[in-house]
Amino acid sequence: MSVPRRLLVALAGAEDSALPEQVARVVGPGGPAVEVTLLHVEETGPRELATYHQAVRRGYWPLPRKDAIEHRLANADDEAAAALLTVWHERFAAAMPGIEIAHLVARGRPEQEIVTAAGRLHADAIILCARPRTGPTEPGPRSVGHVARFVIDHSPTPVLLIRVSS
Amino acid sequence: MIAQSSFTPASPLAAAIFLLTIGLVIARPWRLTEAYAALLGAAAMVLAGLVSPNGAVSDVAGNWNVLLFFVGLTGAAAVAERSGLFEALAGTSARLSGGSPRRLLAAVVAAGAIVAALLSNDAAALVLTPVVYVLVARFGLSPLPFVLACTFVADAASIALPVSNPVNVIVSDRLGVSAASLILVLLPAAVASVFALLGCLFLIYRRQLPARAPLVPAANSWASWSGVPRRLMAAFGVAVGAFAVASAFNVPLGPTMAAVWLLLLGIEWTNRRPDRPLDGIGWSLLIFVASMGVLVDGLSSAGITAWLAQIVLGQVRDSPAAVMVVTAFAAAVGSNLVNNLPAAFVFADAVHGAGLSAASAHAAAIGTIIGADLGPNLTPVGSVATLLWFVLLRQRGLEVSTWSYIRVGLIVTPVTILAALGVALLLGVPR
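Structure report, in brief. (Residues numbered from 1 in each chain as written. Chains lettered and ligands numbered in written order. Predicted model: local features only at pLDDT ≥ 70, side-chain atom pairs only at ≥ 80, totals over all residues.)

## Considering the overall build of chain A
Then comes step 1: Counting secondary structure elements, chain A contains five helices and five strands.
Then comes step 2: Reading the helices (α) and strands (β) of chain A from amino to carboxyl end gives β-α-β-α-α-β-α-β-α-β.
Then comes step 3: Residues classed as buried in chain A amount to 40% of the 166 residues present.
Then comes step 4: For chain A, long-range pairs separated by at least 24 residues make up 80% of all intrachain contacts whose partners lie at least 6 apart in sequence. (Helix = DSSP H or I, 4+ residues; strand = E, 2+ residues; numbered from the N terminus. Buried ≥ 20, exposed ≤ 12 C-beta atoms within 10 Å, placed from the backbone. Contact = placed C-beta atoms within 7 Å.)

## Observations regarding unusual backbone geometry
Then comes step 1: Positioned with a positive phi, His122(A) is a non-glycine residue whose angle comes to about 50°.
Then comes step 2: For Ser120(B), which is not glycine, the phi torsion reads 90° and is therefore positive.

## Considering the sheet that holds strand S2 (residues 34-43) of chain A
Residues and elements named next belong to chain A.
Then comes step 1: Spatial strand order, S3-S2-S1-S4-S5: five strands in an open sheet with parallel pairing. Of all the strands in the sheet, just strand S3 (100-108) and strand S5 (159-162) have a single pairing partner and so form its edges. Averaged over all pairs of adjacent strands, the angle between their axes in this sheet comes to 25°, without regard to strand direction.
Then comes step 2: The strands touched by helix H1 (residues 19-27) are strand S1 (5-10), S2, strand S4 (125-129) and S5; relative to S5, the strand with the most contacts, the crossing angle is about 135°. (Pairing = 2+ DSSP bridges. Axes fitted to C-alpha atoms, helices over the stretch in contact; angles between N-to-C directions.)

## Some words on the packing of helix H4 (residues 64-83) of chain B against helix H9 (residues 166-175) of chain B
Residue and element names in this part refer to chain B.
Then comes step 1: Remark: H4 packs on H9, axes separated minimally by 10 Å, with the N-to-C direction vectors making an angle of 160°. If you check the angle between H4 and H9, you find them roughly antiparallel. When the axes of H4 and H9 are compared, the crossing they make is right-handed. Contacts between H4 and H9 involve Asn 65, Val 66, Phe 69 and Phe 70 on the former and, on the latter, Pro 166, Val 169, Ile 170 and Asp 173.
Then comes step 2: Tallied by class, residues from the contact of H4 with H9 come to six nonpolar, one polar and one charged. (Parallel < 35°, antiparallel > 145°, perpendicular 65-115°, else oblique. Left-handed = near helix turned anticlockwise from the far one by under 90°. Nonpolar A, V, L, I, M, F, W, Y, C, P; charged D, E, K, R; others polar.)

Structure (structure tokens):
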């Protein structure tokens with residue numbers, strides 16, 4: 001084993017905290033041969049909804065300054081992304097001792113950004129949860145969310161779909 | 001039957017001017033704001049001889065109550081924004097949620113309903129939404145459900161009181177319906193529509209709200225009420241009381257609202273002199289409303305609103321219950337075609353000129369308010385106007401996943417209208 005395995009872990013943030021143990025069970029306990037990049041994508045759609053949509057829809061009302069609002073919302077997203085990745089960094093470091101962990105924050109649509117990042121980083125695999133927001137889900141119809149479906153459809157590299165069993 | 005005789009030779013011209021004006025309001029060419037588009041239309045009505053110059057002046061003067069009301073309302077909302085009231089309210093929602101996304105959604109809906117009811121739907125949507133966004137981001141949650149909740153509750157709760165939506169004042173002022181008689185019906189209807197909205201949101205987002213928030217910010221990190229000056233808090237309380245008294249005694253709402261604003265501004269001044277105290281007054285709203293009054297007068301004198309009244313109310317005018325249902329759905333459709341303020345103006349004038357009985361006119365006012373307040377969320381982009389804007393935004397490369405909110409609007413709008421109508425029919429129709 002000379003080349004480290006590069007794993008891209010896509011995190012919405014609300015995944016079950018047992019995720020790193022699940023990953024360790026599949027890819028091994030860690031060590032310096034594994035490089036994990038934790039990716040969080042800030043969704044830009046809600047931000048547009050909160051600024052443009054409101055301002056356009058309620059055009060008669062005296063508008064608060066749009067650029068000031070956008071700045072405030074972007075800051076909040078950046079802070080949340082950093083905090084989330086810090087939390088998950090500690091969890092992965094505990095479950096897979098010795099691995100190298102990098103952080104990556106992207107903006108846009110999560111499904112597209114995950115696929116793009118995997119290509120750019122030359123990741124050996126993408127790791128993500130089937131339904132990251134609702135935690136453990138039994139296998140069955142609709143148990144894979146739209147982000148995971150898109151990634152499986154479009155990923156240039158193997159995808160490890162994690163189901164955290166409770 | 002007045003249908004055949006209501007048109008005059010001037011009807012086509014009046015209709016053309018009105019539709020062209022709405023077209024300008026929607027398309028906003030040459031960076032023309034909607035207020036000046038409406039002003040152009042009003043000028044065209046006068047130049048075309050459809051409204052006499054004296055008539056135009058008296059139209060504007062006749063709207064004095066509504067205009068004064070808007071000055072007071074937008075001013076009061078600006079004082080509230082500067083005072084940190086919205087942050088404190090959001091902080092309370094965060095504390096009440098205890099880190100549970102479902103409880104946070106309910107708390108955000110409750111906060112939005114309170115702001116919308118007391119300070120108008122637009123203040124709730126424009127000022128509270130960014131505050132809620134920041135709050136939700138700190139929990140590490142996706143803000144989409146919460147941002148949409150703000151948008152929708154701003155309108156769902158805006159049928160509650162006359163102050164909750166500009167439409168309410170326009171309709172009740174034009175139809176001469178007392179504020180107290182409306183509140184008795186519409187406040188319970190608003191409660192029903194807010195609960196119906198919350199039910200819809202829980203149903204729609206049952207798969208997207210995690211059991212626990214990924215991040216748990218410290219409880220003392222949220223803005224608290226101690227940041228809002230005490231005397232200003234007391235003044236807000238006095239303002240709510242003043243409104244209750246004014247409504248009960250049928251005092252016009254315009255002067256009441258203006259007095260409330262001056263009181264709030266005076267108390268804000270004693271604490272800390274605001275940099276620009278007149279910032280945030282909706283001057284463009286005033287121009288728009290004044291111009292709309294002239295435009296609708298032109299339509300009215302050309303017999304078009306009477307024709308519309310005949311179409312909408314022709315068969316049902318003697319049954320208040322049927323009048324309420326029909327006006328609600330017609331106003332909802334109208335609000336989605338043009339914006340809801342023009343729709344409310346046209347409908348109020350049509351109903352006013354239809355010579356309905358007192359009970360039917362009361363029912364029509366309630367129906368129009370429900371339809372014009374709740375209807376614009378059907379295409380959650382509000383109206384054709386905003387739909388076009390969204391097309392433009394997308395052409396400029398902005399990623400707007402329209403479907404995620406169109407889906408919500410298609411469910412929420414009919415459900416909230418039906419919930420509000422159900423309560424209004426129970427309480428607002430004499431039997």
